[in-house]
Amino acid sequence: MIRLVDVNKSFGQKEVLRHINLTINDGETLALIGGSGSGKSTLLRLMIGLIQPTSGEIWIDDDEISHYDEAQMDKVRVRMGMVFQYSALFDSMTVGDNVAFGLREHTDYDEEKIRSIVSEKLGLVGLTDVEDMMPNELSGGMKKRVGLARAIAFEPSTIFYDEPDSGLDPVTTEKIDELIISMQKRLNVTSIVVTHDMETACFVADRIAMVYEGELIACAPVDEFRRMKDERIRAFLRGLY
Ligand code: ADP
Ligand code: MG
């Protein structure tokens, strides 16, 4: 379970998130929506301990991580997989080495075991025989898949996606959205999907939370969310931002 209690985050004088209270249950998929600059990525980065809140508590299961140091955070992070907005692959490494990177850094598995995990994870995201390719030989959608394979290398209990569909055409977007759902079903993970795309949010999520200018203005099951009357939500649903 992930729980944020009255979380505030400022960068210098700039208040980016205010009084965030949010609980994400095991096995659920939460879509985090909101306009550009509303604070979605900052919220995600707080949950994975890449940045610390100015005040408030962030619980990951029984760990209150808001003031954890890197060594403490490393132990929590093995339970988390992250798929970043711009795939964030190492361009000078093969696809196989990209997926193996964390395993080589953080385990003492032998090469045979690492190779078998890498090909299993690539298979799970629908890629075969790509281990020796370089990232720049791949399409945008394939890069996202490799990023996801890397994120699930440690069999995380939670996967965080930051704008998994950014820069993809509609058909590829749909395939990535389907992949997010297949991860939930096959790996039984908790998923947090940051997106500014309402269609993606409705398709993948159990609940939708909306951030507006640094505040969490709504969090509700998909059907209920779509019926909400708040003008800021209506505007978002009409695609105004
Ligand atoms: P979103 O992901 O919803 O587009 P972000 O969380 O990236 O929004 O950013 C929210 C606000 O916080 C923006 O105004 C952004 O400029 C600001 N911001 C994000 N990270 C930093 C930082 N490291 N330093 C200063 N301001 C930041
Ligand atoms: Mg963002």
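Please read all numbers here as calculations on a predicted model, not as lab measurements. (Residues numbered from 1 in each chain as written. Chains lettered and ligands numbered in written order. Predicted model: local features only at pLDDT ≥ 70, side-chain atom pairs only at ≥ 80, totals over all residues.)

Chemist: Looking at this model, I keep getting lost on the UniProt feature "domain: ABC transporter" (unreviewed entry) in the chain. Mind explaining?
Modeler: Summarizing the sequence annotation, UniProt attributes the feature "domain: ABC transporter" (unreviewed entry) to residues 2-238 in the numbering used throughout. Regarding residues 2-238, the helix share stands at 38% and the strand share at 26%, and the terminal C-alpha atoms are separated by 30 Å. (UniProt positions renumbered as here; feature names shortened; annotations may be inferred. Helix = DSSP H or I, 4+ residues; strand = E, 2+ residues; numbered from the N terminus.)

Chemist: Explanation requested: the sheet that holds strand β1 (residues 2-11) in the structure shown.
Modeler: Paired through their backbone hydrogen bonds, the strands of a sheet run either parallel or antiparallel. Reading across the sheet, the four strands line up as β2-β1-β4-β5 and stay open at both edges, with antiparallel pairing between neighbours. The sheet is open, and its two edges are formed by β2 (14-24) and β5 (63-64), each paired on a single side. Judged from the seven bridges that link them, β1 and β2 form a sheet pairing that is antiparallel. By the bridge assignment for β2, Val 7 is matched with Ile 20. (Pairing = 2+ DSSP bridges.)

Chemist: Looking at this structure, how should I read the packing of helix α5 (residues 140-151) against helix α6 (residues 170-187)?
Modeler: Between two packed helices, both the angle of their axes relative to each other and the distance between the axes serve to describe the pair. In the contact formed by α5 and α6, the axes pass within 10 Å of each other and the chain directions differ by 15°. Here α6 runs roughly parallel to α5, going by the angle between their axes. Crossing of α5 against α6: the hand is right-handed. Where α5 abuts α6, its residues Gly 140, Gly 141, Lys 144 and Leu 148 lie against Thr 172, Lys 175, Ile 176 and Leu 179. Classifying every residue of the contact of α5 with α6 gives three nonpolar, three polar and two charged. (Axes fitted to C-alpha atoms, helices over the stretch in contact; angles between N-to-C directions. Parallel < 35°, antiparallel > 145°, perpendicular 65-115°, else oblique. Left-handed = near helix turned anticlockwise from the far one by under 90°. Contact = placed C-beta atoms within 7 Å. Nonpolar A, V, L, I, M, F, W, Y, C, P; charged D, E, K, R; others polar.)

Chemist: Please clarify how the site of ligand 1 should be interpreted in this entry.
Modeler: Neighbouring ligand 1 are Phe 11, Lys 14, Val 16, Gly 34, Ser 36, Gly 37, Ser 38, Gly 39, Lys 40, Ser 41 and Thr 42. Counting only elements with at least two residues in the shell around ligand 1, the list comes to β2 and α1 (40-47). If one sorts the elements of the shell around ligand 1 by residue count, α1 sits on top with three residues. Partitioned by chemical class, the residues of the shell around ligand 1 number two nonpolar, seven polar and two charged. (Near = placed C-beta within 6 Å.)

Chemist: For this particular structure, what's the right way to read the sheet that holds strand β9 (residues 207-212)?
Modeler: Across the sheet, which stays open at both edges, the six strands sit in the order β6-β7-β8-β3-β9-β10 with mixed pairing between neighbours. On the outer flanks of this sheet lie β6 (80-83) and β10 (215-221), each paired with one strand and no other. The mean angle between the axes of side-by-side strands here comes to 15°, regardless of whether they run parallel or antiparallel. Both strand β7 (residues 158-162) and strand β8 (residues 190-194) contribute to a ladder of five bridges, which runs parallel. Considered in β8, the bridge of Ile 159 is made with Ser 191. Lying over the sheet, α5 contacts β6 and β7, oriented at roughly 165° with respect to β6.

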